[in-house]
Amino acid sequence: MADEPTVTDEVVAALGDTGDPRLRELLTGLVRALHAFARETRLTQEEWERAIGFLTATGQMCTDTRQEFILLSDVLGLSMLVETINDRHGPGTTESTVLGPFHMTESPVRELGADIDLVGGGEACVVSGQVLSRDGTPLPGAVVDVWQADGNGFYDVQQPDVQPAGNGRGLFTADDEGRFWFRTCVPSPYPIPTDGPVGGLLRATGRHPYRPAHIHFIASAAGHTPVTTHIFVAGSDYLDSDAVFAVKPGLVTDFAPVDDPSAAGEFGVANPFRQARFDLVLEPS
């Protein structure tokens, strides 16, 4: 019969016949860590019930376009920790960071140079770069998936009655020299959703919900390991206190002001505008 000193070993023993060795390892480690937490904190029955209620509410908040559990993982730093543990990109390659909770819909295929800001209202911006292998070789035909919030800090899936589907998103194929470019608006800092259990957790712990201004990327190419990353706007608020702990100094990028009518005409944007350049360097697989 199980009691406090023996229950952990009994549960672990019950997992002994798990056919998948990795699953057995993961479950055994989870059980030991959870039981150790309960013993260390002397978890009460009422606290356990509140935790179950919180997790239940988190699941109930999830939809096809919102992933509250990823948001929970993000604000606890687990997403960033897992990303860092599994980062296999070598020196000189683009640093990875979290996927975030809003890569919940496919980005529409767009031509190079297309404008992904379908609603306007933000400061015009041109983003360009090149997809390269670690040795500097261009990767023609590389695929660059891009998504960002609008100028007011909302993703399309958050405002389906305001933003057209696919706003702020684009799936681009790099040219023969691995180059990509697109038009958009300068992103702004914004709060992660706070109308669910994760927002309640932030309030209870006295934390703000804000993320610094950023654009998401996933870059992939044949024979290379894909990278999931952001570029963060240099000088943005919250770079030192990102609610999901995802900022890396090497990803902070200058969105330089440009006052050049000729260049604006070439890119098809209003003058003045901002310009950001960011190369995506992949690790050969």
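Quantities reported herein were computed from a predicted structural model and do not represent experimental measurements. (Residues numbered from 1 in each chain as written. Predicted model: local features only at pLDDT ≥ 70, side-chain atom pairs only at ≥ 80, totals over all residues. Heavy atoms only, no water.)

Please provide a residue-by-residue account of the layout of surface pockets, values included.
Taken as a whole, the largest pocket encloses approximately 710 Å³ of empty space. As for the largest pocket, its lining consists of 18 residues, of which Leu34, Phe37, Ala38, Leu43 and Trp48 are closest to the centre. Where the lining of the largest pocket is concerned, the elements lending two or more residues are α2 (21-41) and α3 (45-61). At seven residues, the largest contribution of residues to the lining of the largest pocket is made by α3. (1 Å grid on protein atoms, 1.4 Å probe; cavity = no way out; pocket = protein on both sides within 12 Å on 5 of 7 lines; lining within 4 Å. Points joined across faces, edges and corners; volume = space filled by probe spheres on them. Helix = DSSP H or I, 4+ residues; strand = E, 2+ residues; numbered from the N terminus.)

Before we move on, could you go through the nonpolar core and cite the residues and values that matter?
In terms of nonpolar packing, the biggest core is built from 41 residues, with Val127, Val131, Val146, Phe182, Phe217, Phe255 and Leu280 touching the most fellow members. Elements with a contribution of two residues or more to this core: α4 (68-75), β1 (124-133), β2 (143-147), β4 (179-185), α6 (197-204), β7 (214-220), β9 (227-233) and β13 (280-284). In terms of residues, this core owes the most to one element, β9, which gives four residues. Look past the residues within four positions of Phe182 in its chain and what remains in contact with it is Gly113, Ala114, Ile116, Cys125, Val126, Val127, Val146, Phe172 and Phe217. Core analysis: the second largest hydrophobic core is formed by seven residues, Phe102, Ala149, Val157 and Ile218 among them. (Core = buried A, V, L, I, M, F, W, Y, C linked by side-chain atoms within 4.5 Å. Buried < 20%, exposed > 50% of the residue type's maximum accessible area, 1.4 Å probe, protein only. Contact = heavy atoms within 4.5 Å.)

If you had to explain unusual backbone geometry to someone new, which residues and values would you point to?
Residue Asn271 is joined to Pro272 through a cis peptide bond whose omega torsion reads -5°. With respect to the helices and strands, Pro272 occurs in the loop between α7 (261-267) and β12 (273-277). A positive phi angle, near 50°, is found at Arg42, a position not held by glycine. One can find Arg42 in the loop between α2 and α3.

Quick rundown of empty space enclosed by the protein? Include the residues and the values.
A complete count under the given rule lists two cavities of 30 Å³ or more for this structure. In this structure, the largest cavity encloses a volume near 70 Å³. Here the second largest cavity defines a volume of roughly 30 Å³. Class assignment for the residues of the lining of the second largest cavity results in three nonpolar, four polar and two charged. (Nonpolar A, V, L, I, M, F, W, Y, C, P; charged D, E, K, R; others polar.)

How would you summarise the packing of aromatic side chains if you had to cite specific residues and measurements?
Scanning the model with the defined rule gives eight aromatic pairs in all. Pairwise contacts between aromatic rings join Phe172, Phe180, Phe182, Phe217 and Phe278 into one cluster. (Phe/Tyr/Trp six-rings, centres within 6.5 Å; stacked < 30°, edge-to-face > 60°.)

Any details on the pairing of β2? Residues and values, ideally.
A regular strand places its side chains on the two faces of the sheet in alternate fashion. The buried count for β2 comes to four of five residues, which makes it a mostly enclosed element. For β2 and strand β3 (residues 169-173), the ladder comprises five bridges, and the chain directions are antiparallel. Residue pairing for β3: Val144 is matched across the bridge by Phe172. The sheet contact formed by β2 and β7 spans five bridges and is antiparallel. Along β7, the bridge assignment pairs Val143 with Ser220. (Pairing = 2+ DSSP bridges.)

I'd like a description of the sheet that holds β9, backed by residues and values.
Ordered in space as β3-β2-β7-β9-β10, the five strands form an open sheet in which the pairing is mixed. The strands lining the two open edges of the sheet, one partner per strand, are β3 and β10 (252-253). Examined bridge by bridge, β9 and β10 share two bridges and lie parallel to one another. In the strand pairing of β10, Val233 is matched with Thr253.

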